[in-house]
Amino acid sequence: IYNNYMLKHSDLKPGIKFVLEGEPYEVINSTFIFKGRGSSTVEAKIRNLINGKVVNKTFHQSDQFEEAEIEREKIKFLYLKNKKYYFQFDDQNFEIDENVLGNKALFIKKGDEVDGIFFKDKLIGIELPLKMKFKVISAPPGIRGGREQPGTKPVTIETGATINVPLFVKEEDVIEINTETGEYVRRVIGND
């Protein structure tokens, strides 16, 4: 009987996904430290792929890890209820907690198709396109010299998120937003 290939501490390089205490992690960066007499450790910064927490950890020569099998599938956002987001894939519904999604929750609309990230048939996260378009549903008139950053104002987009935009952006405009930073990129369609 052949087991899955087990990763050794020296395999933990940036981008490697592995299982630690039953949860999937990704190596952000790692440093191999030779201790003499053939012994070594690896200092690694790792991210939990379920809750996003980043921790520093030291791994020893005796440590072995299973490679994390992460799958990506296109899933459709159905609805939000009690701080849980519901998605559909292959006639199956999956739910994921708002806390796990973090800021990504600000940028998904009902019916959107996004990349679902699965670990052992459980939805553990989503990936959004880097840039997405949203309709502005509420925009105060731009007033220069206010307390906001010079030349910007907060507007509300169709998902309910508030974004700082240039003063010329108005209600009903469609704007492009960087989903990683939450920042305004450009106005796509204006109503001048």
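The rules we used
- Numbering of residues starts from 1 in every chain and runs along the sequence as written.
- Where local features are concerned, this predicted model is filtered to residues with pLDDT of at least 70; where side-chain atom pairs are given and counted, the filter is 80 or more; whole-chain, interface and lining totals use all residues.
- Where side-chain values are given, they derive from all heavy atoms of the structure, hydrogens and water being excluded.
- Here, a strand pair is defined by DSSP locating no fewer than two bridges between the strands.
- Helix and strand assignments follow DSSP, with helices taken as H or I runs no shorter than four residues and strands as E runs no shorter than two, numbered in order from the N terminus.
- Under this scheme, a helix contributes an axis fitted over its contacting stretch, all axes are lines through C-alpha atoms, and angles between N-to-C directions fall in the 0 to 180 degree range.

### Some thoughts on the sheet that holds strand E14 (residues 162-166)
Here's step 1: Spatially, five strands are ordered E14-E13-E12-E15-E16 in an open sheet, and the strand pairing comes out antiparallel. Because the sheet does not close on itself, it has two edges, and the strands there are E14 and strand E16 (183-189). When the angles between neighbouring strand axes are averaged without regard to direction, this sheet yields 50°.
Here's step 2: Bridge count between strand E15 (residues 174-178) and E16: five bridges; the pairing is antiparallel.

### Quick look at unusual backbone geometry
Here's step 1: A positive phi is found at Asn82, a non-glycine position, where the angle reads about 50°.
Here's step 2: Counting through the fold element by element, Asn82 comes out in the loop between strand E7 (70-81) and strand E8 (84-89).
Here's step 3: Although it is not a glycine, Glu172 sits at a positive phi angle of roughly 80°.
Here's step 4: Its location among the elements puts Glu172 in the loop between E14 and E15.

### Examining the sheet that holds E7
Here's step 1: Strand order in the open sheet formed by five strands is E9-E8-E7-E10-E11, with antiparallel pairing between adjacent strands. Since the sheet does not close on itself, it has two edges, and those belong to strand E9 (92-97) and strand E11 (122-127), each with one partner. Strand-to-strand twist of the sheet, defined as the mean angle between neighbouring strand axes without regard to direction, takes the value 45°.
Here's step 2: Pairing between E8 and E9: six bridges, direction antiparallel. In the sheet register, Phe87 faces E9, and the bridge partner there is Phe94.

That's the geometry; what it means functionally is another story.
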